[in-house]
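This is what each chain is made of:
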Amino acid sequence: MVDKLPIKVAVYFDESFSNFAYREQAAGEKSWVIMIGSANVEMMRRAFQGMFRETVELPDVPDLKFPVDQVDAVIAPEVESFEIRTPQPPQYTPDGTQLLRGVDETTDRFTVWITYRMKMYDSQGRPIASWPIRAYGQTPEGVMDMFGPDEALARATTIAMRDAGAYLSIYF
């Protein structure tokens, strides 16, 4: 349990954050589209509500407008980067010898890294702080076999987002 900070914070979820989608297409591979915008907003909303005495959400307008009356600070989260690693089965030579080309090159799991950028301003729009939150998630063993690649990637993404929410709540 984290004690709430005795401040009122306004939160601004811009369009790129609340509609965030990651797309990846490698030649000859399956294409991936991961849409986490609404989940980002919900995760951050819950984290902030648990962290501060009061939170209010600012309307989604093209640009954040200042001053923001009757708040102690404004927080505007962003997705700075999103990366995935797809399962890489081992490769073998014709005689059955496994090729080793690097450390931990083969995996049967999805891995997701998300970096959020937290920007904090005073009520007049002056920057107070800007810091990254790096999050990590990996598909639990067996998920790929049980549910398939789409669900496995979704679970790795959810784990990374939970990692970010926990880090934010504990280390703010």
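Our subject is the structure that appears above.
These figures come from a predicted structure and were not determined experimentally.

Draft legend 1. Main features of the sheet that holds strand β4 (residues 52-57). The five strands lie next to each other as β4-β1-β5-β6-β7, forming an open sheet whose pairing is mixed. Each edge of the open sheet carries a strand with a single partner, namely β4 and β7 (127-138). Neighbour-to-neighbour, the strand axes of this sheet turn through a mean angle of 30°, independent of strand direction. Alignment of strand β1 (residues 5-11) against strand β5 (residues 73-85), held across three bridges, turns out to be parallel. Looking at β5, one finds that Val11 is bridged to Ile75.

Draft legend 2. Quick look at the pairing of β5. Bridging between β5 and strand β6 (residues 111-121) involves eleven bridges; their strand directions are antiparallel. In the strand pairing of β6, Glu83 is matched with Trp113.

Draft legend 3. Representation of unusual backbone geometry within the structure. Cis geometry is adopted by the peptide bond preceding Pro67, which originates at Phe66 and carries an omega value of 0°. Along the chain, Pro67 turns up in the loop between β4 and β5. Phi at Gln70 is positive, roughly 60°, even though this residue is not glycine. Within the secondary structure, Gln70 is located in the loop between β4 and β5. On the basis of relative accessible area, Gln70 is assigned to the exposed category, the value being 69%.

Draft legend 4. Structural context of the nonpolar core. If you look at the biggest cluster of nonpolar residues, it comprises 37 residues, and the most contacted ones within it are Met44, Phe48, Phe82, Ile114 and Tyr116. Sort the elements by how many residues they give to this core and helix α4 (residues 149-171) lands first, with seven residues. Residues in contact with Ile114, not counting those within four places in the same chain, are Ile36, Val79, Ser81, Phe82, Ile133, Arg134, Ala135, Thr157, Ala160 and Met161. Core analysis: the second largest hydrophobic core is formed by eight residues, Val68, Val71, Ala76 and Tyr121 among them.

Draft legend 5. Representation of the packing of aromatic side chains in the model. A complete count under the given rule lists eleven aromatic pairs for this structure. Note on Phe13 and Phe17: the rings are 5.7 Å apart at their centroids and 10° apart in plane angle, and the pair reads as stacked. Look at Phe13 and you get buried, because its relative accessible area is 6%. A residue is classified by how much of its surface remains accessible, and Phe17, at 1% relative accessible area, is buried. Grouped by ring-pair contacts, the aromatic residues Phe48, Phe52, Trp131 and Phe172 constitute a single cluster.

Draft legend 6. Geometry of the pattern of salt bridges. Counting across every chain of the model gives ten salt bridges. The shortest N-O distance in the salt bridge between Glu57 and Arg45 comes to 2.4 Å. With Glu57 in strand β4 and Arg45 in helix α2 (residues 37-51), this pair connects stretches of sequence that are twelve residues apart. Taking relative accessible area as the criterion, Arg45 reaches 26% and is therefore assigned partly exposed. Between Lys119 and Glu78 there is a salt bridge whose closest N-O contact spans 3.1 Å. Of the two residues, Lys119 sits in strand β6 while Glu78 sits in strand β5, which places them 41 residues apart along the sequence. Residue class for Glu78 comes out partly exposed when judged on its relative accessible area of 28%. Salt bridges sharing partners connect three or more residues here, namely Glu42, Arg45, Arg46 and Glu57.

The rules behind each value
Residues numbered from 1 in each chain as written. Predicted model: local features only at pLDDT ≥ 70, side-chain atom pairs only at ≥ 80, totals over all residues. Heavy atoms only, no water. Pairing = 2+ DSSP bridges. Helix = DSSP H or I, 4+ residues; strand = E, 2+ residues; numbered from the N terminus. Axes fitted to C-alpha atoms, helices over the stretch in contact; angles between N-to-C directions. Buried < 20%, exposed > 50% of the residue type's maximum accessible area, 1.4 Å probe, protein only. Core = buried A, V, L, I, M, F, W, Y, C linked by side-chain atoms within 4.5 Å. Contact = heavy atoms within 4.5 Å. Phe/Tyr/Trp six-rings, centres within 6.5 Å; stacked < 30°, edge-to-face > 60°. Salt bridge = Lys/Arg side-chain N within 4 Å of Asp/Glu carboxyl O.

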